[in-house]
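As a plain string of letters, each chain reads:
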Amino acid sequence: MDGMLSQEEIDALTGGGETPADGELLSEAERDAVGEIANINMGTAATTLSTLLNNKVTITTPRVSYVTINELSEQYDRPCVFIHISYIEGIDGNNILILKEHDVKIITDLMMGGDGTNTEGDLSELHLSAISEAMNQMMGSAATSLSSMLERKVDISPPSASLVDLNDTIEDYAISSFLEDQIVQVAFDMKIGDLVDSQIMQLYPCDFARELYNKFIGNTLGKSSQPEPDPAPAPAAPQPAPMQQPAMDPSMMQQQPMMQQPMMDPSMMQQQPMMQQPYMMPVQNVNVQTAQFQPFNAGVSPLMQQENIDLIMDVPLEVTVELGRTNKSIKEILDFAPGTIIELDKLAGEPVDVLVNGKFVAKGEVVVIEESFGIRLTEITK
């Protein structure tokens, strides 16, 4: 054997000579390879998302199929969030992740330190920025896993998120490769704790799916064609060192009289086994202390909190200054006219409230900076 693969073996590995069946965009081998690559990537991404959200994230085995944009709009919620991912090194191509609008709101709330229940209101730029950062962390770790699989560096550009209505804005948003008759769809079931039991979907252009397959199979064949190195000889077992007898002081030998012992027959000496005295190790004093352990805390460690905060430092938040509030009946509101004075529940000179993303965080006093109003913070809430 010369270590080279035969043509039959190569065909068995690559599905050589196999062509897609009628109505199929990819051969069975290509579909299996794309599903396996997606499975490994999303498994790594699920671990990253679990750390980011401090919640258990489970993503199931993928299901590979073909879909058109029209079919996708019928089976998926409208509107939904498209996350566009481009590969800029190692692989030439791009794909799209699709998430439901409600799932994006839950993920964003968890990233902000909430409990995942603050999902009221429309999807804002804050949600899109947060989900882009989450997908950047997830797909970055997936690209690292893909690098190990293909044994080459794979890198992505920062993902971009957009709220898309599949019936109206798909032509304005998606690139031309996703507008072809059929594209490859890889669907996963995704669970986030008890909050999300939904579906996440990846879309691949057919050309990009075939390139993934060719890179994967080419790397597999490269490994198979290399001859296996000869096994190294096993090291010889070490011989036990002979036990040394403690040396006797010559002065003690002179002081002790030699005892006369009867001469023994040499044949008898050979029959009697040699008796060796065990060597006693000297006892040393050892400083023994009681082990002390840190108290177990099932919550999130400060290190984990700091790491999660660093991931969202660039996410913009809405800061609102509230001068005061009041309650009015519908009749009084209907009587509003230019010049109407509304009395608020704040006294003159009393600090105003500062809210970040709708949550009260500080108090301050109103100041004038050139031609604009400003707030000088006087108290930060804990």
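How each quantity is defined
- Residues numbered from 1 in each chain as written.
- Predicted model: local features only at pLDDT ≥ 70, side-chain atom pairs only at ≥ 80, totals over all residues.
- Heavy atoms only, no water.
- Helix = DSSP H or I, 4+ residues; strand = E, 2+ residues; numbered from the N terminus.
- Buried < 20%, exposed > 50% of the residue type's maximum accessible area, 1.4 Å probe, protein only.
- Contact = heavy atoms within 4.5 Å.
- Expected span 1.5 Å × (residues − 1).
- Polar contact = N/O pair within 3.5 Å; in protein donor to acceptor, adjacent residues only side chain to side chain.
- Pairing = 2+ DSSP bridges.
- Axes fitted to C-alpha atoms, helices over the stretch in contact; angles between N-to-C directions.
- Core = buried A, V, L, I, M, F, W, Y, C linked by side-chain atoms within 4.5 Å.
- Phe/Tyr/Trp six-rings, centres within 6.5 Å; stacked < 30°, edge-to-face > 60°.
- Salt bridge = Lys/Arg side-chain N within 4 Å of Asp/Glu carboxyl O.
- Patch = residues over 30% accessible without salt bridge, like charges linked within 9 Å, V, L, I, M, F, W, Y side chains within 5 Å.
- Areas by Shrake-Rupley, 256 points an atom, 1.4 Å probe, with all protein chains shown as cover.
- pLDDT = per-residue confidence, 0-100.

## Notes on the overall build of the chain
For step 1, the next point in the chain: For the chain, the count of helices and strands is eleven helices and twelve strands.
For step 2, the next point in the chain: Put simply, the chain has 382 residues, and 32% of those count as buried.
For step 3, the next point in the chain: Pairs at least 24 residues apart make up 63% of the contacts formed inside the chain by residues separated by at least 6 positions.

## Regarding helix 2 (residues 28-53)
For step 1, the next point in the chain: Taking 1.5 Å of rise per residue, the 26 residues of helix 2 would be expected to cover 38 Å, and the 36 Å separating its terminal C-alpha atoms lies within 8% of that figure.
For step 2, the next point in the chain: In the stretch just after helix 2, N54 is the one whose phi turns positive, near 55°.

## Focus on the side chain of S141
For step 1, the next point in the chain: Mapped onto the elements of the fold, S141 is located in helix 5 (residues 125-150).
For step 2, the next point in the chain: Looking at S141, its side chain comes within polar contact range of the main-chain oxygen of M138, at 2.6 Å.
For step 3, the next point in the chain: Residue contacts for S141: discarding those within four places in its chain leaves T44, A45 and T48.

## Examining the sheet that holds strand 11 (residues 359-369)
For step 1, the next point in the chain: Reading across from one edge, 9-10-11-12 is the order of the four strands in this open sheet, with antiparallel pairing throughout. Taken across any chain shown, the strands that pair with only one partner, and hence form the sheet edges, are strand 9 (319-322) and strand 12 (372-380). Between one strand and the next, the sheet's axes are offset by a mean angle of 40°, whatever the strand orientation.
For step 2, the next point in the chain: Here strand 10 (residues 352-356) pairs with strand 11 via five bridges, running antiparallel. Among the inter-strand pairings, V354 is bridged to a residue of strand 11, identified as A362.

## Observations concerning the nonpolar core
For step 1, the next point in the chain: Judged by nonpolar contacts, the single largest core of 58 residues is most densely connected at L146, V184 and I192.
For step 2, the next point in the chain: For this core, the element with the most residues is helix 5, which contributes 13 residues.
For step 3, the next point in the chain: Setting aside anything within four residues of it in sequence, one finds L146 in contact with I37, N41, Y87, I91, V154 and L212.
For step 4, the next point in the chain: Residues C80, V164, I183 and M201 belong to the second largest nonpolar core, which totals twelve residues.

## Some details on helix 5
For step 1, the next point in the chain: Between the first and last C-alpha of helix 5 there are 36 Å, a value that for 26 residues agrees with the 38 Å anticipated at 1.5 Å per step.
For step 2, the next point in the chain: Following helix 5 by one or two positions, E151 adopts a phi angle in the positive range, close to 55°.

## Side note on the packing of aromatic side chains
For step 1, the next point in the chain: Under the counting rule described, the total for this entry stands at two aromatic pairs.
For step 2, the next point in the chain: A ring pair is formed by Y204 and F208, whose centres lie 5.8 Å apart and whose planes are at 25°; its orientation type is stacked. Just as Y204 is buried, F208 falls in that class too.
For step 3, the next point in the chain: Pairwise contacts between aromatic rings join Y87, Y204 and F208 into one cluster.

## Quick look at the pattern of salt bridges
It is possible for side chains bearing opposite charge to pair when their charged atoms get close.
For step 1, the next point in the chain: Counted according to the given criterion, the structure contains eight salt bridges.
For step 2, the next point in the chain: The shortest N-O distance in the salt bridge between D189 and R63 comes to 3.4 Å. Remark: R63 occurs in strand 2 (residues 63-67) and D189 occurs in strand 7 (residues 183-192); sequence separation between them is 126 residues.
For step 3, the next point in the chain: With a closest N to O distance of 3.6 Å, K331 and D335 form a salt bridge.
For step 4, the next point in the chain: Judged by relative accessible area, which is 61%, K331 ranks as exposed.

## Details of unusual backbone geometry
For step 1, the next point in the chain: Non-glycine residue N54 carries a positive phi angle of around 55°.
For step 2, the next point in the chain: Looking at the element boundaries, N54 is found in the loop between helix 2 and strand 1 (57-59).
For step 3, the next point in the chain: Positioned with a positive phi, E370 is a non-glycine residue whose angle comes to about 55°.
For step 4, the next point in the chain: Mapped onto the secondary structure, E370 falls in the loop between strand 11 and strand 12.

## Some points on a nonpolar patch on the surface
For step 1, the next point in the chain: A cluster of nonpolar side chains, contributed by V321, V366, V368, F373, I375, L377 and I380, occupies part of the molecular surface with about 700 Å² of accessible area.
For step 2, the next point in the chain: When contributions to the nonpolar patch are tallied by element, the ones reaching two or more residues are strand 11 and strand 12.
For step 3, the next point in the chain: Within the fold, V321 resides in strand 9.
For step 4, the next point in the chain: A relative accessible area of 41% means that V321 is categorised as partly exposed.

## What to know about the environment of Q202
For step 1, the next point in the chain: Mapped onto the elements, Q202 comes out in strand 8 (residues 196-204).
For step 2, the next point in the chain: Along the sequence, Q202 and N95 sit 107 residues apart, while their C-alpha atoms lie 6.8 Å from each other.
For step 3, the next point in the chain: If sequence neighbours within four positions are ignored, Q202 has contacts with A38, M42, N95, I96, L97, M139, V184, Q185, V186 and F188.

## Digging into the confidence of the model for the chain
For step 1, the next point in the chain: Averaged over every residue, the pLDDT of the chain is 75; residues scoring 70 or more account for 66%.
For step 2, the next point in the chain: In the predicted structure, residues 172-176 sits below a pLDDT of 50 and forms nine contacts with residues beyond four places in sequence or in another chain.
For step 3, the next point in the chain: Below a pLDDT of 50 lies the segment residues 269-273, which in the model reaches two contacts outside its immediate sequence neighbourhood of four places, other chains included.

## Thoughts on the side chain of Q202
For step 1, the next point in the chain: Residue Q202 is classed as buried on the basis of its relative accessible area, which comes to 2%.
For step 2, the next point in the chain: Engagement of the side chain of Q202 in a polar contact is seen with the side chain of Y204, the distance being 3.2 Å.

## What about the environment of P205?
For step 1, the next point in the chain: Summarising the element assignment, P205 is placed in the loop between strand 8 and helix 7 (206-225).
For step 2, the next point in the chain: On a C-alpha basis, the gap between P205 and N94 in space is 7.9 Å, while along the polypeptide they are 111 residues apart.

## Details of the environment of L110
For step 1, the next point in the chain: Inspection of the secondary structure puts L110 in helix 4 (residues 101-111).
For step 2, the next point in the chain: Sequence separation between L110 and N54 is 56 residues, and the spatial gap between their C-alpha atoms is 8.2 Å.
For step 3, the next point in the chain: Residues contacting L110, with those up to four places away along its chain left out, are L53, N55, D115, G116, I192 and L195.

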